[in-house]
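What follows is the residue order along each chain.
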Amino acid sequence: MIVIIGSYNVGLFLKGRRLPGRGETVIADSFFESGGGKGSNQAVSAATMGAPVRFIGRIGDDKYGKDAFALYRERGIECDRIQVDATTHTGISIILIDEDGRNMISVAPGANLNLTPADIDHCAAELRAAFCVGFQLENRPETVFHGIRQCHAWGIPTFLDPAPAVPLPDDLYPCINIIKPNETEARILTGIEVTDRDSAIRAGRWLCDKGVRHALVTLGELGAVLVGEGRESHFPAPKVDAIDTTGAGDIFAGAFLAGLHRHAPMDEAIRFASFAAALATTKIGVVNAIPTLAEVGAFMQRGAAG
Ligand code: RIB
């Protein structure tokens, strides 16, 4: 089973012609609400791609928290280790999207910040039995770092999506099997300006020199690079007309882990994840934009033919 430890934030989406400037009010054309949060998106993506998934996190005792449980039940995600926290609200994200698919996101983390190192220790049995454990950085850093160190000590493969990026302690890098930063996160971690394939490879090398086994640096429409264990490879992204890129990195992460869980070689899992994430950007939203396994398969076949 893939275990994801992370955040749930309901997403309140407002789509309009353009994003507001500072101090400005703009009128949006449409509104909708959907599940989100980087951890939750990754869990839902992996489950939708056919992997068995357990999600560990905290949500509030409110309507949004109940919606999260309904989503997990619908997607077959194990949620017996999610805690309902009566002291605060479920995480909330306000997502503004313009007509070109650019977004601005503000998150009030609420219950996500109450996930503690002790909560992780209480899930030791589930973590020790995991195929791999995925983390992101929308919970308290000390909780995430503790989880990564603990899983590493138990010999369980760890996957870190360092989003939103914060500096990582040096001793953490050797505890990470795969790190998946985007261009911005890679720059924050490494100090290297990542703009293209070559600079992404340099950032990947920096991360591997620090001790991670593999660095998978994503570059949006320029694809992704994999660095590690003596290799450096570039994976182009399929061309699509993107209308909303929100959560594309999360969908990539979930699809990638689901691919590995199916025992796909790493290259194939990356290619699969690139197609899943690209397809997701052609719809507005995150959860509702996650394609099915069959849709990704058909898109890959068209891509291979074209
Ligand atoms: O990566 C996208 C996610 O980031 C959104 O679902 C939003 O909740 C924020 O956490």
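Q: Even after reading the chapter, I still don't get the site of the ligand, so can you show me in this structure?
A: What surrounds the ligand is the set Asn9, Gly36, Gly37, Lys38, Asn41, Ser93, Val107, Glu138, Gly247 and Asp250. The contact in question runs from an oxygen atom of the ligand to an N or O atom on the side chain of Asn41, over 3.0 Å. The contact in question runs from an oxygen atom of the ligand to an N or O atom on the side chain of Ser93, over 2.9 Å. Taking 270 Å² as the accessible area of the ligand by itself, protein coverage stands at 96%.

Q: How do you make sense of the side chain of Asn177 when you look at a structure like this?
A: Here Asn177 is to be found in the loop between strand E10 (158–160) and strand E11 (178–179). Here Asn177 is in contact with Ile156, Pro157, Thr158, Arg213 and His214, once residues within four sequence places are set aside.

Q: Please explain the layout of surface pockets as it appears in this structure.
A: The gaps left among the atoms become clear once a water-sized probe is rolled over them. For the largest pocket, the calculated volume is near 1400 Å³. Lining the largest pocket are 50 residues, and of these Asn182, Thr245, Gly247, Ala248 and Gly249 sit closest to its centre. Every element with two or more residues in the lining of the largest pocket is listed here: strand E2 (9–15), strand E3 (30–36), helix H1 (38–48), strand E7 (91–97), strand E8 (103–108), helix H6 (183–190), helix H8 (248–261) and helix H9 (266–280). Class assignment for the residues of the lining of the largest pocket results in 21 nonpolar, 20 polar and nine charged. Taken as a whole, the second largest pocket spans an internal volume of roughly 170 Å³. Every residue lining the second largest pocket is counted, 13 residues in all, and those nearest its centre are Pro157, Asn177, Ile178, Leu260 and Met266. At the level of elements, E10 and H8 are the ones that each hand at least two residues to the lining of the second largest pocket. Here the lining of the second largest pocket is composed, by residue class, of eight nonpolar, three polar and two charged.

Q: Is there a simple way to think about the packing of H1 against helix H2 (residues 63–75) in this case?
A: When two helices pack together, their arrangement is given by the angle between the helix axes and by the axis-to-axis distance. The geometry of H1 relative to H2 is characterised by a closest axis approach of 10 Å and an angle of 20 degrees between their N-to-C directions. One finds that H1 runs roughly parallel with respect to H2. Judged by the sense of rotation from one axis to the other, the crossing of H1 with H2 is left-handed. Contact residues: Ser40, Val44, Ala47 and Thr48 in H1; Leu71, Tyr72 and Arg75 in H2. Within the contact of H1 with H2, the residues separate by chemical class into four nonpolar, two polar and one charged.

Q: Sorry, what's going on with the sheet that holds strand E4 (residues 53–56) here?
A: Pairing between sheet strands relies on hydrogen bonds along the backbone, with the strands arranged either parallel or antiparallel. Taken in spatial order, the eight strands of this open sheet run E4-E1-E9-E10-E11-E12-E13-E14, and their pairing is mixed. Two strands close off the open sheet at either side, each with one partner strand: E4 and strand E14 (231–235). Here E11 runs beside strand E12 (residues 214–218); their pairing, made up of two bridges, is parallel. When the bridges of E12 are listed, Ile179 appears paired with Ala215. Packed onto the sheet, helix H7 (residues 197–210) meets E11, E12, strand E13 (224–228) and E14 and runs at close to 35 degrees relative to E13.

Scoring rules and cut-offs
Residues numbered from 1 in each chain as written. Predicted model: local features only at pLDDT ≥ 70, side-chain atom pairs only at ≥ 80, totals over all residues. Heavy atoms only, no water. Near = heavy atom within 4 Å. Polar contact = N/O pair within 3.5 Å; in protein donor to acceptor, adjacent residues only side chain to side chain. Areas by Shrake-Rupley, 256 points an atom, 1.4 Å probe, with all protein chains shown as cover. Helix = DSSP H or I, 4+ residues; strand = E, 2+ residues; numbered from the N terminus. Contact = heavy atoms within 4.5 Å. 1 Å grid on protein atoms, 1.4 Å probe; cavity = no way out; pocket = protein on both sides within 12 Å on 5 of 7 lines; lining within 4 Å. Points joined across faces, edges and corners; volume = space filled by probe spheres on them. Nonpolar A, V, L, I, M, F, W, Y, C, P; charged D, E, K, R; others polar. Axes fitted to C-alpha atoms, helices over the stretch in contact; angles between N-to-C directions. Parallel < 35°, antiparallel > 145°, perpendicular 65-115°, else oblique. Left-handed = near helix turned anticlockwise from the far one by under 90°. Pairing = 2+ DSSP bridges.

These results come straight from atomic positions and should not be treated as a statement about function.
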